Amino acid sequence: MFEKLKDKSLSPSQERFDTIIGRTTQIYGRLVLLDSVRIDGKVVGNIETTKDNKVTVAIGKTGEVSGDITAHRVMVAGKVEGNIYAAERVEFHKDSVVQGDISYGSIAVEHGARLLGLVIQNPISSAAANSTADAKSVIKKAQESSS
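The following refers to the structure shown. (Residues numbered from 1 in each chain as written. Predicted model: local features only at pLDDT ≥ 70, side-chain atom pairs only at ≥ 80, totals over all residues. Heavy atoms only, no water.)

**Observations regarding the overall build of the chain**
Part 1 of the reasoning: Helices and strands together make up the secondary structure of the chain, namely two helices and 16 strands.
Part 2 of the reasoning: Within the chain, the fraction of its 147 residues that count as buried is 41%.
Part 3 of the reasoning: At a minimum sequence separation of 6, the contacts of the chain that also span at least 24 residues come to 13%. (Helix = DSSP H or I, 4+ residues; strand = E, 2+ residues; numbered from the N terminus. Buried < 20%, exposed > 50% of the residue type's maximum accessible area, 1.4 Å probe, protein only. Contact = heavy atoms within 4.5 Å.)

**Looking at the sheet that holds strand 12 (residues 97-99)**
Part 1 of the reasoning: Taken together, six strands build an open sheet; the order of strands is 2-5-8-10-12-15 and the sheet is parallel. Pairing within the sheet leaves two strands with one partner each, and these edge strands are strand 2 (26-28) and strand 15 (114-116). Averaged over all pairs of adjacent strands, the angle between strand axes in this sheet comes to 5°, irrespective of strand direction. (Pairing = 2+ DSSP bridges. Axes fitted to C-alpha atoms, helices over the stretch in contact; angles between N-to-C directions.)

**Concerning the pattern of salt bridges**
Part 1 of the reasoning: In the structure shown here, the tally under the stated rule is four salt bridges.
Part 2 of the reasoning: Put simply, Arg 89 and Glu 91 hold a salt bridge, and the shortest N to O gap is 2.9 Å.
Part 3 of the reasoning: Since its relative accessible area comes to 24%, Arg 89 is described here as partly exposed. (Salt bridge = Lys/Arg side-chain N within 4 Å of Asp/Glu carboxyl O.)

**With respect to the environment of Val 90**
Part 1 of the reasoning: Considering the arrangement of structural elements, one finds Val 90 in strand 11 (residues 84-92).
Part 2 of the reasoning: Judged by relative accessible area, Val 90 falls into the buried class, the value being 0%.
Part 3 of the reasoning: The contact partners of Val 90, leaving out residues within four places of it in the chain, are Val 74, Ile 84, Ile 102, Tyr 104, Ser 106, Ile 107 and Ala 108.

**Let's talk about a nonpolar patch on the surface**
Part 1 of the reasoning: Side chains of Val 109, Leu 115 and Val 119 sit close together on the surface and give an oily, nonpolar patch of about 210 Å² of accessible area.
Part 2 of the reasoning: Within the fold, Leu 115 resides in strand 15. (Patch = residues over 30% accessible without salt bridge, like charges linked within 9 Å, V, L, I, M, F, W, Y side chains within 5 Å. Areas by Shrake-Rupley, 256 points an atom, 1.4 Å probe, with all protein chains shown as cover.)

**Let's talk about the nonpolar core**
Part 1 of the reasoning: In terms of nonpolar packing, the biggest core is built from 24 residues, with Ile 39, Ile 47, Val 57, Ile 59, Val 74 and Ile 84 touching the most fellow members.
Part 2 of the reasoning: Taken together, the elements giving at least two residues each to this core come down to strand 3 (31-33), strand 4 (37-39), strand 7 (56-59), strand 9 (69-76), strand 11 and strand 13 (102-104).
Part 3 of the reasoning: Excluding residues within four positions of it along the chain, Ile 59 makes contact with Ile 39, Glu 64, Val 65, Ile 69, Val 74, Met 75, Val 76, Ala 77, Gly 78, Lys 79 and Val 80. (Core = buried A, V, L, I, M, F, W, Y, C linked by side-chain atoms within 4.5 Å.)

**Considering the pairing of strand 9**
Part 1 of the reasoning: Among the eight residues that make up strand 9, eight are buried, leaving the element largely enclosed by the rest of the structure.
Part 2 of the reasoning: As judged from the four bridges shared by strand 7 and strand 9, these two strands associate in the parallel manner. Opposite Thr 56, over in strand 9, you have Arg 73 as the bridge partner.
Part 3 of the reasoning: Where strand 9 and strand 11 come together, seven bridges link them in parallel fashion. The residue of strand 11 that forms the bridge with Ile 69 is Ile 84.

**Some points on unusual backbone geometry**
Excluding glycine, residues mostly have negative phi values, and the peptide bonds linking residues are mostly trans.
Part 1 of the reasoning: Positive phi outside glycine occurs at Asp 95, with the angle close to 70°.
Part 2 of the reasoning: Classification of Asp 95 as exposed rests on a relative accessible area of 52%.

**A look at the pairing of strand 7**
Part 1 of the reasoning: Side-chain alternation along strand 7 places Thr 56 and Ala 58 on one buried face and Val 57 and Ile 59 on a second face that is also buried.
Part 2 of the reasoning: Of the pairings in the sheet, the one linking strand 4 to strand 7 comprises three bridges and is parallel in character. Across the sheet, Val 37 pairs through a bridge with Val 57, a residue of strand 7.

**Some remarks on the environment of Ala 142**
Part 1 of the reasoning: Among the secondary structure elements, Ala 142 is positioned in helix 2 (residues 132-146).
Part 2 of the reasoning: Distance from Ala 142 to Val 119, taken between C-alpha atoms, is 9.7 Å for residues 23 residues apart in sequence.
Part 3 of the reasoning: If near-sequence neighbours (up to four positions away) are discounted, Ala 142 is found in contact with Leu 118 and Ile 120.

Below is the structure:
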């Protein structure tokens, strides 16, 4: 009935990244993306995508983000200090560290990932699942009710 999960990991992604932020790169400011990005360096500032684009934000093992991330899909193997709003899917790989609230359509968490914050699934309706404003309002309501 229960299988050994310790050695299981998420299947490798077949994503195509048009932009790569290298390990030695540091960016300070807001990023507005039209295509998928992989971050192996450091970003201090919010990362945003347009609502209609199916953009993926991937944070590699050496990647660090200090700011909110809004995207269709978010994959984290490094560190995030900020809220994550993933319209479709969010993945947390082994040894990832996230300090912030998470709003998602579907979620995958590997053994060893560390999450500190609220974890809230987006509403089921397709119109609401694509709305970042709805995700932010759900998190705000949950924060208010926990106070």
